[in-house]
Amino acid sequence: MRDTGLLQVALGLGSPWQVTACDFDAKAQQLDIRLDFPAGSRFTCPHCGATACPVHDTDTTTWRHLNFFQHQAYLHARVPRIRCDACGVRKIDVPWARRDSGFTLLFEAYLMAMLGAMPVAQVADMVGEHDTRLWRIIHHYVDAARERMDASDVTRVAIDETAAKRGHNYITLFVDIDEARVLFATEGKDAATVASFAKDLAAHQGDADNIKEVCIDMSPAFIKGTADHLPEAEITFDRFHVMKIINQAVDQVRRAEQREQAVLKGTRYLWLRNPNTLSARQAALLDSLPSQTLKTARAYQIKLAFQELYQQKTPKKAAAFLKRWYFWATHSRLPPIIEAARTIRQHQSGVLRWFHSHIANGLIEGINSLVQAAKAKARGYRSLRNLKAIVYLVAGKLELQLPA
Ligand SMILES: [Zn+2]
């Protein structure tokens with residue numbers, strides 16, 4: 001190709017850089033663009049900013065660039081080391097790539113755009129690069145963006161754990177409820193995760209004392225972590241976790257009763273759902289059961305009644321409702337239900353806090369689905385560090401500052 005001027009413009013190269021050659025290898029389906037600078041060119045010191053430093057020597061380097069149609073494209077250039085009066089011999093920064101990256105900035109921007117939308121392994125396949133190279137880029141941009149992150153306005157936080165790999169490893173997520181963004185992700189699900197969060201908050205202009213509301217499940221670890229490290233926070237127990245405790249109790253009642261009552265076979269999901277979400281067939285099945293005599297049906301009624309708690313109009317009415325429900329549940333003669341009721345009673349203040357805070361983890365818009373999407377994108381992620389980076393990338397609302 002002779003018209004290297006076109007490439008010069010397309011690459012946005014400024015003086016003294018010039019496109020000196022461009023070779024297309026049809027067999028290898030590869031485009032190689034060679035850049036150089038005229039003899040006697042002077043460069044700015046990357047360390048102190050001194051201008052017009054002479055070239056000491058050069059080191060030929062290659063960067064992968066955006067594809068030329070379907071063909072891979074590479075830039076090659078002699079990168080000068082300059083001699084600065086103040087700093088000595090230094091390698092300069094080229095305008096088209098980050099220091100020590102094997103990709104141009106534009107190629108990285110293209111990769112990051114894809115990585116926000118597709119699994120890492122799939123992007124790696126598409127561009128024909130090893131995924132470890134892509135992970136390095138993700139970490140660079142995510143780390144840099146997290147360094148700029150501002151948490152000074154954060155006052156309400158949801159804390160939730162998610163299983164990383166087949167339930168063995170966990171990461172705990174700290175979500176800014178008002179901005180619906182993941183602020184912090186860390187390994188484990190113990191009280192120490194909250195200490196790490198408080199520290200991370202302080203590193204981003206936030207303050208643990210600013211956190212006034214926290215939404216968690218009833219795990220003793222999160223309760224203790226909040227009390228120790230977020231001392232100003234009121235706890236709301238996530239209503240979906242509270243319901244889960246009751247659903248588990250209903251299921252225990254069913255399992256025990258099923259041994260004697262064959263009619264309960266295949267009914268597990270009936271009792272875990274609400275009547276209005278049943279299919280016509282399931283509703284008919286439910287109607288056909290001898291609900292007057294089944295313990296499971298009684299447990300189910302107590303569960304449905306508990307859901308009405310959240311329909312109460314005032315905190316006072318809610319407290320009175322919970323008291324009546326507790327009396328009913330603890331007189332049900334159904335041990336799993338009695339135990340669930342006692343658990344809820346013990347955590348009463350955090351259950352009722354909902355009537356002031358109206359926060360629930362499941363209600364934070366899109367976060368759960370984003371985290372699930374992140375886990376899918378990170379499939380084969382090799383390390384929890386990689387998983388955390390993807391969570392930040394898709395759910396952190398970070399400003400990545402990619403080249404346009
Ligand atoms: Zn210098």
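Scroll up for the structure.
Computed from a predicted structure; not experimentally measured.

K.L.:
I tried to follow the overall build of the protein chain on my own but got confused; where do I start?
P.N.:
In terms of helices and strands, the protein chain carries 16 helices and ten strands. What you see for the protein chain is a C-alpha radius of gyration of 30 Å, clearly larger than the 22 Å of a compact globule of 404 residues, by over 25%. With respect to the three principal axes, the spread of C-alpha positions in the protein chain is 95 × 50 × 35 Å. Looking at the protein chain as a whole, 47% of its 404 residues qualify as buried.

K.L.:
Which parts of the structure should I look at to understand the nonpolar core?
P.N.:
Most often, soluble globular proteins have nonpolar side chains that are buried together. Judged by nonpolar contacts, the single largest core of 106 residues is most densely connected at Leu111, Phe306, Leu309 and Trp325. With nine residues, the top contributor of residues to this core is helix α16 (residues 384-395). Of all hydrophobic cores here, the second largest spans 25 residues; its members include Cys22, Ile82, Cys87 and Ala97.

K.L.:
I tried to follow the coordination of the zinc ion on my own but got confused; where do I start?
P.N.:
The expected angle between donors at a tetrahedral four-coordinate metal is 109.5 degrees. At an octahedral six-coordinate metal it is 90 or 180 degrees. Distances from the zinc ion to its protein donors, namely Cys45 (SG), Cys48 (SG), Cys84 (SG) and Cys87 (SG), fall within the range 2.2 to 2.3 Å. Classification of the site at the zinc ion rests on its four donor atoms, whose angles at the metal span 103 to 114°, yielding the label tetrahedral. In primary-sequence terms, the residues that donate to the zinc ion follow C-x2-C-x35-C-x2-C. Looking at Cys87, the relative accessible area reads 18%, which means it is buried.

K.L.:
When you look at the side chain of Thr193 in this model, what are you seeing that I'm missing?
P.N.:
Of note, Thr193 is situated in helix α5 (residues 192-202). The exposure class assigned to Thr193 is buried, which follows from its relative accessible area of 1%. Among the polar contacts listed, one links the side chain of Thr193 to the backbone oxygen of Asp190, at a separation of 2.6 Å. Other than its neighbours up to four places away in sequence, Thr193 contacts Thr172, Phe174, Phe184, Thr186, Glu187, Gly188 and Phe222.

K.L.:
What should I look at first to understand the layout of surface pockets in this one?
P.N.:
Where empty space is left in the structure can be found by rolling a water-sized probe over the atoms. Considering only enclosed or pocket space, the largest pocket measures out at about 340 Å³ in volume. Looking at the largest pocket, it is lined by 21 residues, and the ones nearest its centre are Asp160, Glu161, Thr162, His241 and Asn368. If you list the elements that add at least two residues to the lining of the largest pocket, you get β6 (156-165), β7 (169-176), α7 (239-258) and α15 (367-377). In terms of residues, the lining of the largest pocket owes the most to one element, β6, which gives six residues.

K.L.:
What's the story with the packing of aromatic side chains in this structure? I'm lost.
P.N.:
The description of an aromatic ring pair rests on the distance of the ring centres and on the angle between the ring planes. Per the stated rule, a full pass over the model turns up 17 aromatic pairs. Their ring planes at 85° and their centres at 4.9 Å tell us that Trp17 and Trp96 sit as a pair that is edge-to-face. With a gap of 79 residues between them, Trp17 in the loop between α1 (4-11) and β1 (18-25) and Trp96 in the loop between β5 (88-91) and α2 (105-115) connect regions that are remote in the sequence. Take Trp17 and Trp96: they sit in the same class, and that class is buried. An angle of 45° between the planes, with centres 5.8 Å apart, marks the rings of Phe174 and Phe184 as tilted.

K.L.:
What should I look at first to understand α1 in this one?
P.N.:
Since one α-helical turn is 3.6 residues long, residues separated by three or four positions face the same way. Within the span of α1, buried status applies to Thr4, Leu7, Gln8 and Leu11. Axial view of α1: buried residues confined to an arc of 105°, hence all on one face. Residues of α1 that are exposed and point more than 90 degrees away from the buried face comprise Leu6, Val9 and Ala10. Gly12 occupies a position one or two residues after α1 and carries a positive phi of about 65°.

K.L.:
I would appreciate a short explanation of α7 in the present structure.
P.N.:
Taking 1.5 Å of rise per residue, the 20 residues of α7 would be expected to cover 28 Å, and the 28 Å separating its terminal C-alpha atoms lies within 8% of that figure. Those residues of α7 not exposed but buried are Val242, Met243, Ile246, Asn247, Ala249, Val250, Asp251, Val253, Arg254 and Glu257.

K.L.:
Could you clarify how one ought to interpret the packing of α7 against helix α10 (residues 295-307) in this entry?
P.N.:
Each packed pair of helices is defined by two parameters, the angle between the axes and the distance between the axes. α10 packs onto α7 with a crossing angle of 170° between their chain directions and a minimal axis gap of 8 Å. Regarding the angle of α7 to α10, the classification is roughly antiparallel. Counting all contacts with α7, which are made through Val242, Met243, Ile246, Asn247, Val250, Val253, Arg254 and Glu257, the residues of α10 involved are Lys295, Thr296, Ala299, Tyr300, Lys303, Phe306 and Gln307. Its residues placed into classes, the contact of α7 with α10 shows eight nonpolar, three polar and four charged.

K.L.:
It is not clear to me how the pattern of salt bridges should be interpreted in this structure. Could you clarify?
P.N.:
When the charged atoms of two side chains with opposite charge come close together, those side chains can pair. The full count for this structure, using the stated rule, is 16 salt bridges. The salt bridge partner of Arg99 is Asp93, with a shortest N-O separation of 2.7 Å. Looking at Asp93, the relative accessible area reads 42%, which means it is partly exposed. Of the charged contacts in the structure, one is a salt bridge between Arg181 and Asp176, with a shortest N-O distance of 3.0 Å. Of the two residues, Arg181 and Asp176, neither departs from the other in class, the shared state being buried. Each member of the salt-bridge network shares a partner with another, and the members are Asp251, Arg254, Arg255 and Arg268.

What counts, and at which threshold
Within any chain, residue numbers begin from 1 and follow the written order of that chain's sequence. Whole-chain, interface and lining totals are the exception, using all residues; otherwise, since this is a predicted model, local features are given only for residues with pLDDT of at least 70 and side-chain atom pairs are given and counted only at 80 or more. To obtain the side-chain values, all non-hydrogen atoms of the structure were used and water was disregarded. Starting at the N terminus, helices and strands are each numbered in turn, a helix being any DSSP run of H or I of at least four residues and a strand any DSSP run of E of at least two. We compute the radius of gyration from the C-alpha atoms alone; for a globule the expected value is 2.2 Å times N to the 0.38, where N is the number of residues. For every residue, the accessible area obtained with a 1.4 Å probe (protein chains only) is divided by the maximum for its type, and the residue is called buried under 20%, exposed over 50%, and partly exposed between those limits. Throughout, nonpolar core names a set of buried Ala, Val, Leu, Ile, Met, Phe, Trp, Tyr and Cys residues whose side chains join them through atoms within 4.5 Å. Shown as donors are all N, O and S atoms within 2.8 Å of a metal ion, widened to 3.2 Å for Na, K and Ca; because water is not in the atom set, sites may appear incomplete. Each label reflects the angles at the metal, where four donors whose angles all fall between 85 and 135 degrees are tetrahedral, four or six donors whose opposite pairs open beyond 155 degrees and whose other angles stay between 65 and 115 are square planar or octahedral respectively, and the rest are irregular. Identification of polar contacts relies on pairs of N or O atoms within 3.5 Å, with a donor-acceptor requirement for protein atoms, meaning one able to donate a hydrogen and the other able to accept it, and with residues adjacent in sequence counted only if both atoms are side-chain atoms. Any pair of residues with heavy atoms lying within 4.5 Å of one another is described as a contacting pair. Think of a 1 Å grid over just the protein atoms. A cavity is a set of points where a 1.4 Å probe fits yet cannot get out, a pocket is an open set with protein on both sides within 12 Å along at least five of seven lines, and lining residues have an atom within 4 Å of a point. Grid points are joined across faces, edges and corners, and a volume is the space filled by probe spheres set on the points. The aromatic pairing rule takes the rings of Phe, Tyr and Trp, using the six-membered ring of Trp, and pairs them if the centres are within 6.5 Å, calling planes under 30 degrees apart stacked, those over 60 edge-to-face and the rest tilted. Here, the arc refers to the directions that run from the helix axis to the C-beta atoms. Here the expected length of a helix is defined as 1.5 Å per residue gap, with one fewer gap than residues. Angles shown run from 0 to 180 degrees and are taken between the N-to-C directions of axes, each axis being a line fitted to C-alpha atoms and, for helices, limited to the stretch in contact. Comment on the angle field: the value is read as roughly parallel under 35 degrees, roughly antiparallel over 145, roughly perpendicular from 65 to 115, and oblique elsewhere. For this scheme, ten residues count as nonpolar: Ala, Val, Leu, Ile, Met, Phe, Trp, Tyr, Cys and Pro. Four count as charged, namely Asp, Glu, Lys and Arg, and the remainder, Gly too, count as polar. The term salt bridge refers to a pairing of a side-chain nitrogen on Lys or Arg with a carboxyl oxygen on Asp or Glu at a separation within 4 Å.

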